[in-house]
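# Summary of structural features
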Amino acid sequence: LAVLGVKVAEDARNGGAKVQNIEVANAIEALACWLAFDSNGWRRDARLRGTNKLHGKDDFSFRRARQRNFYVTQPMRMATVQPLPALGFVESDSVRFNAFRCLAAGKEFIERALSEYRPFKRTVADHLTCWTQVKDERVLKVESDALRQALSPLNRLPEAAIPVLRERLLQGGMKERREDKERRGRALTWVETLRKDKPGKLTWEHRPQDISE
């Protein structure tokens, strides 16, 4: 969702809209959670935020969704400030989310994750870009099963996108330290080992062979 927010914000600015990465990403995350809550009967879930904030909202125009008090004060997006550039999904001259620019790997990840969904006969990114560009009181429709399936945090990542994510975990970004790449690689190797032969108990006292320190 955070990578999608960066791309949609870029596309919207290229189309003349005055938007920032943070407000677009927050609005998309709020929309994703709202669609998910609407589908699960507004039951709390660790993968969702904003039960109280979003319940009862019926105007999901971007004009309102971009406002600071519309959604939670600590969106999931805040936890991506370090991982996105570290994994090579975005580039930036600073650590500010608003300075992020979507890289080829980020665009490929979005394409792989969302290509099967066509809300209102558009790609997900195109429809959300149109959503950000509506300037008057009209509300671009966002209540769509295709959009819900594409954005809902309750749905697992499509199979086509998993290899891209795994490659990014292994390769990392251009400016990332070699030690960090190796650390993630060892952790992934350990996870694969657990898939095949999981011990009865995992404790901090016994370091897995795949983890070097």
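Below or above, wherever it landed, is the structure these notes cover.

## As for the environment of V142
- Within the secondary structure, V142 sits in the loop between helix 7 (124–133) and helix 8 (145–151).
- Using a relative accessible area of 4% as the deciding quantity, one classes V142 as buried.
- For the pair V142 and N155, spaced 13 residues apart in sequence, the C-alpha separation works out to 18 Å.
- Beyond its immediate stretch of four places on either side in the chain, V142 contacts L31, W34, L35, F60, F120, W131 and L147.

## Quick word on the packing of aromatic side chains
- Within this structure, the stated rule accounts for six aromatic pairs.
- Summarising the aromatic geometry, the rings of F37 and W42 are spaced 5.0 Å apart at their centres and angled 10 degrees between planes, so their arrangement reads as stacked.
- In this structure F37 comes out as buried when scored by relative accessible area, which is 0%.
- For the pair F60 and F70, a centre-to-centre distance of 5.1 Å together with 90 degrees between the ring planes defines the contact as edge-to-face. With F60 in the loop between helix 3 (51–54) and helix 4 (62–65) and F70 in the loop between helix 4 and helix 5 (83–86), this residue pair connects regions lying 10 residues apart in the sequence. An identical accessibility class is assigned to F60 and F70; each is buried.
- One aromatic cluster is present, formed by W34, F60 and F70 through successive ring pairs.
- Above the plane of the ring of F70 lies K57, whose end atom (NZ or CZ) is 4.5 Å from the centre.

Conventions we followed
- Residues numbered from 1 in each chain as written.
- Predicted model: local features only at pLDDT ≥ 70, side-chain atom pairs only at ≥ 80, totals over all residues.
- Heavy atoms only, no water.
- Helix = DSSP H or I, 4+ residues; strand = E, 2+ residues; numbered from the N terminus.
- Buried < 20%, exposed > 50% of the residue type's maximum accessible area, 1.4 Å probe, protein only.
- Contact = heavy atoms within 4.5 Å.
- Phe/Tyr/Trp six-rings, centres within 6.5 Å; stacked < 30°, edge-to-face > 60°.
- Lys NZ or Arg CZ within 6 Å of the ring centre and 35° of its normal.

These values are about where atoms sit, not about what they do.
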